[in-house]
Amino acid sequence: MLPRGAGIAGLTLAIALGRCEDPVSPIEIDMYESGTEITTVGAGISVWPRTWAIMRRLGLYDELMQEAVKSKGETKKDQDEGSEHQAGPAFVFRKSDWPREGFEFGRVMVPDGATTMHRADMVRVLVRHLPARCTIHTSKRLVSYDPPPPSSPNDTHTLHFADGTHATADVVIGADGIKSAVRSSMYAHTHVQECESGDDTPVAACARCARSRPKWTGTVAYRYLIPTERLRAVNPAHHALHVAAPMSLADFARQHIITYLISHGKYLNWIGFVTRPGQEGTEYPHKWVLDANRDDVVREFAGWEPEVDQMIACVEDPTLWAIHVIDDLPFSVSGRVALMGDAVHAMTTHFGAGGGQAIEDAYLLGTLLTDPRTSPPRLPRVLEIYQAVRLPFARAVVRNARAVGLMYEFNSPGLYAADPARGEPTAVGVRSEEVTAAAADGDGDGLKRRLGELERAIRGMWQWQWKEKVEEQWAEAERMMDELGSRTAPRRRRQAERWCVVA
Ligand code: FAD
């Protein structure tokens, strides 16, 4: 099934805007969605503590939690702070790249553990909480927008849709995903206005603006929801049914599989990642999302442990996703237009954080736009505060997600070697062939010790998910808003002001 329907970022923003509704001068929100209905891809999503903090603020925590599968908790001593707290596994790592039985080699533990859910359940809850003043326009594919001409007395932006219609808005928020038309338009306008060669060269040839173009990671992902009943019939003791946390099954050949339970255990969300060596940054030659079949998956994961074969036997008609990223966007705001979610920082999936980061954008943006200190003349400055707080952080998450993904596939320079036989650089740390040799000699303990190094490194990379508090960003934004002016500055929004979210 190909993706249709409003995204997580746009829906969350509408809720955040509605939550702080000003009865004196309410905001009219128009949401333009290219799909025919508000729905989502049939797949799972993992949700982490920073996102839950926001859902609490938005009053959605209880409803969403009812839809979530939670990993099992255990009491853990926090080494840094010496305190004991309830922690659960965020990720369980299993070595699986041989025909014999695999084994667990590490766990990332987080306070409260992992939570996972079906995306459709998340979207259903979000839609239930959309504010009354949000009008959703489906089958409206944005092609481009025009900002107001510099001499214009008003702030009206004109939106152009694929069906030949037009609309206007005072503020435009692009929550339209990795192929964002708002982003393309923003960079086309600013390139002409600000870049020296703007009139003569295309965006793709500009050192600054070309960074707005999505980049293929060299990785593709097969996605499928396995009915757990089917897997249970094959092997009732299968680890994926009992670990109750996302599980990563990895090998040395640039592949790994992620599994986790959703829909109260009815489905196992199954994603098989395959990295094509040397392809990162090249043009992906096919459509980015395609229908695939089981034979493709069998071919990719041949020779893995029996539990992997058992899962693949349950995969029927997967979809194939070419994973693209926006990894270094120079800016996400221009005048009264802002970008959010995957339109700004589409990332590899290795932290399960793209949706969470989109929600962080949405909450902060919604909070700032509805702040009593935000008046129409201040809007560009307020959007810049949003950018200053969110963009560098999200860019760092994109970078680190790439780095931790290399670790999952035992391919992290300095920790695990790339394969010298393929002419790739030799790493300073543990080499994959040493580990395989240790396993072949029956040196199980030595192998586990070495894999423990990797587990510790992965755990370090994950710490931001719970140690860096989302509240710190809100406080930073608050300080910047204070610098803008007095809390009591009168709100001077026009009655009929229209805001638009392209989602
Ligand atoms: P999208 O979900 O892409 O929504 C964009 C919306 O805009 C869509 O509804 C689209 O139809 C609409 N649209 C697009 N173009 C136009 C246009 N021109 N005009 C009008 N409408 C338009 N994240 C997590 O947090 N946890 C996970 O576990 C996780 N796992 C993932 C696994 C995989 C395999 C992948 C690929 C991603 C995963 N992510 C995960 C990332 C997450 O899915 C995205 O980061 C998130 O969906 C981004 O939300 P968004 O609203 O910004 O964009």
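Residues numbered from 1 in each chain as written. Predicted model: local features only at pLDDT ≥ 70, side-chain atom pairs only at ≥ 80, totals over all residues. Heavy atoms only, no water.

*Asks:* Break down the overall build of the protein for me, citing the residues and quoting the values.
*Replies:* What the protein contains, in helices and strands, is 16 helices and 21 strands. A fraction of 74% describes how many contacts in the protein between residues 6 or more apart in sequence connect residues 24 or more apart. Element-wise, carbon and sulfur atoms account for 50% of the exposed surface of the protein, whose accessible area totals about 21000 Å². (Helix = DSSP H or I, 4+ residues; strand = E, 2+ residues; numbered from the N terminus. Contact = heavy atoms within 4.5 Å. Areas by Shrake-Rupley, 256 points an atom, 1.4 Å probe, with all protein chains shown as cover.)

*Asks:* Lay out the nonpolar core in plain terms, naming residues and giving numbers.
*Replies:* In this structure, Met122 and Met340 are the most contacted members of the largest nonpolar core, which totals 53 residues. If near-sequence neighbours (up to four positions away) are discounted, Met122 is found in contact with Ile8, Ile45, Val47, Leu64, Met117 and Ile359. Ranked by size, the runner-up nonpolar core spans 39 residues in total, among them Ala90, Phe93, Ala221 and Val397. (Core = buried A, V, L, I, M, F, W, Y, C linked by side-chain atoms within 4.5 Å. Buried < 20%, exposed > 50% of the residue type's maximum accessible area, 1.4 Å probe, protein only.)

*Asks:* Got a sec to walk through the pairing of strand S2 (residues 44-47)? Specific residues and values, please.
*Replies:* Both faces of S2 are covered, namely the face carrying Gly44 and Ser46 and the face carrying Ile45 and Val47. Pairing of S2 with strand S7 (residues 115-118) involves 4 bridges; the strand directions are antiparallel. Across the sheet, Val47 pairs through a bridge with Thr115, a residue of S7. (Pairing = 2+ DSSP bridges.)

*Asks:* Talk me through the packing of aromatic side chains; I want residue IDs and the actual numbers.
*Replies:* On inspection of all chains with the given rule, the structure shows 13 aromatic pairs. Taking 5.8 Å as the distance between ring centres and 20° as the angle between the ring planes, the aromatic pair formed by Phe91 and Phe93 counts as stacked. Assessed through its relative accessible area of 6%, Phe91 is described here as buried. By relative accessible area, Phe93 is classed as buried at 1%. Ring geometry for Trp270 against Phe301: centres 6.0 Å apart, planes inclined by 80°, an arrangement best described as edge-to-face. Placement of Trp270 in strand S16 (residues 267-275) and of Phe301 in the loop between helix H8 (294-300) and helix H9 (306-313) is noted, with a sequence separation of 31 residues between them. For the pair formed by Trp270 and Phe301, the shared burial category is buried. An aromatic cluster is defined as three or more aromatic residues linked by ring pairs; in this entry it consists of Trp48, Phe91, Phe93, Phe351, Phe393, Trp462 and Trp464. The side chain of Arg56 reaches across the aromatic face of Tyr61, ending 4.0 Å from its centre. (Phe/Tyr/Trp six-rings, centres within 6.5 Å; stacked < 30°, edge-to-face > 60°. Lys NZ or Arg CZ within 6 Å of the ring centre and 35° of its normal.)

*Asks:* Which residues make up the sheet that holds strand S11 (residues 166-169), and what are the values?
*Replies:* Strand order in the open sheet made by the 3 strands is S9-S10-S11, with antiparallel pairing throughout. At either end of the open sheet lies a strand with only one pairing partner, and these are strand S9 (142-146) and S11. Strand-to-strand twist in this sheet, taken as the mean axis angle between neighbours without regard to direction, amounts to 25°. One ladder, built from 4 bridges, connects S9 with strand S10 (residues 157-161); its direction is antiparallel. Within the sheet, the bridge partner assigned to Tyr145 lies in S10 and is Leu159. (Axes fitted to C-alpha atoms, helices over the stretch in contact; angles between N-to-C directions.)

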